[in-house]
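# Notes for the structure review
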Amino acid sequence: MDIAEVAKRSGVPASTLRFYEEKGVISSIGRQGLRRVFDANILERLALIALGQAVGFSLDDIARMIGSKGNPDIDRELLINKADELDRNIQKLTVMRDGLRHAAVCSAPSHMECPKFRRLLGLAGDGVIGGHGKGKLPQRPRSNKALHRTSR
């Protein structure tokens, strides 16, 4: 399949395909005139790349997982670590979402007087949420009702 057909069928621009080839994540099997030609499994390989990128793996990580021969050799420990990282990100995003929803309906005279909003500010200031720190979130109450009761 030539590069134009791969780009059309995969939705990945030809320029990105050439970049992936430079990085060693994919490889063409030859040329048809000036156009690169790829093996039939290229679409599956591009799907693996898309999945890896969607969960936050770097192209270098993906290249190591896919391997130079094209037979994926995915490190299961790496997958577990990435799943744990996603769990932490989900927890952070959930705390932020819940805090913002509460602040939107809080009966405190101002957001700065809302204990839950102040807690959210403290977490952001400590770098626990917002991406600039590696602090850990405190344990969350088991239900939204418990969280709502304790934050008024």
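Below is a short write-up of the structure. This is a predicted model, so every value here is computed, not measured. (Residues numbered from 1 in each chain as written. Predicted model: local features only at pLDDT ≥ 70, side-chain atom pairs only at ≥ 80, totals over all residues. Heavy atoms only, no water.)

### Let's talk about the packing of aromatic side chains
- Throughout the structure, instances matching the rule amount to 0 aromatic pairs.
- It is lysine 82 that lies over the ring of phenylalanine 57; its NZ or CZ is 5.1 Å from the centre. (Phe/Tyr/Trp six-rings, centres within 6.5 Å; stacked < 30°, edge-to-face > 60°. Lys NZ or Arg CZ within 6 Å of the ring centre and 35° of its normal.)

### Examining the nonpolar core
- One finds Leu17, Tyr20, Val25, Ile26, Leu46, Ile49 and Ile62 to be the most contacted residues of the largest nonpolar core, which totals 18 residues.
- At the level of secondary structure, the elements contributing two or more residues to this core comprise α1 (3–10), α2 (14–23), α3 (42–54) and α4 (59–66).
- Here this core takes 5 residues from α4, the largest share from any one element.
- Once residues within four sequence positions are removed from consideration, tyrosine 20 is found in contact with Val12, Val25, Ile26, Leu46, Ile49, Gln53 and Leu59. (Core = buried A, V, L, I, M, F, W, Y, C linked by side-chain atoms within 4.5 Å. Buried < 20%, exposed > 50% of the residue type's maximum accessible area, 1.4 Å probe, protein only. Helix = DSSP H or I, 4+ residues; strand = E, 2+ residues; numbered from the N terminus. Contact = heavy atoms within 4.5 Å.)

### Considering the packing of α1 against α3
- Interhelical geometry of α1 versus α3 gives an angle of 50° and a closest axis separation of 11 Å. Here α1 is positioned oblique relative to α3, judged by the angle of their axes. Note that α1 runs across α3; the crossing there is right-handed. Each of Val6, Arg9 and Ser10 in α1 lies in contact with α3, whose residues at this interface are Ile42, Leu43 and Leu46.
- Here the contact of α1 with α3 is composed, by residue class, of 4 nonpolar, 1 polar and 1 charged. (Axes fitted to C-alpha atoms, helices over the stretch in contact; angles between N-to-C directions. Parallel < 35°, antiparallel > 145°, perpendicular 65-115°, else oblique. Left-handed = near helix turned anticlockwise from the far one by under 90°. Nonpolar A, V, L, I, M, F, W, Y, C, P; charged D, E, K, R; others polar.)

### So, the pattern of salt bridges
- For the coordinates displayed, the defined rule picks out 6 salt bridges.
- Between glutamate 85 and lysine 82 there is a salt bridge, and its shortest N-O distance comes to 3.5 Å. Here glutamate 85 and its partner lysine 82 are both found in helix α5 (residues 76–105), 3 residues apart, which amounts to about one turn of the helix.
- Overall, glutamate 85 belongs to the partly exposed group, its relative accessible area being 32%. (Salt bridge = Lys/Arg side-chain N within 4 Å of Asp/Glu carboxyl O.)

### Focus on the side chain of lysine 82
- Residue class for lysine 82 comes out buried when judged on its relative accessible area of 10%.
- Those residues within four positions of lysine 82 in sequence are excluded, and the remaining contacts are Val55, Gly56 and Phe57.

### Some details on the side chain of aspartate 2
- Here aspartate 2 shows up in the segment before α1.
- The exposure class assigned to aspartate 2 is buried, which follows from its relative accessible area of 17%.
- From its side chain, aspartate 2 meets the backbone nitrogen of alanine 4 in a polar contact 3.1 Å long.
- Sequence-distant contacts of aspartate 2, defined by excluding residues within four places in its chain, comprise Gln32, Arg35, Arg36 and Val37. (Polar contact = N/O pair within 3.5 Å; in protein donor to acceptor, adjacent residues only side chain to side chain.)

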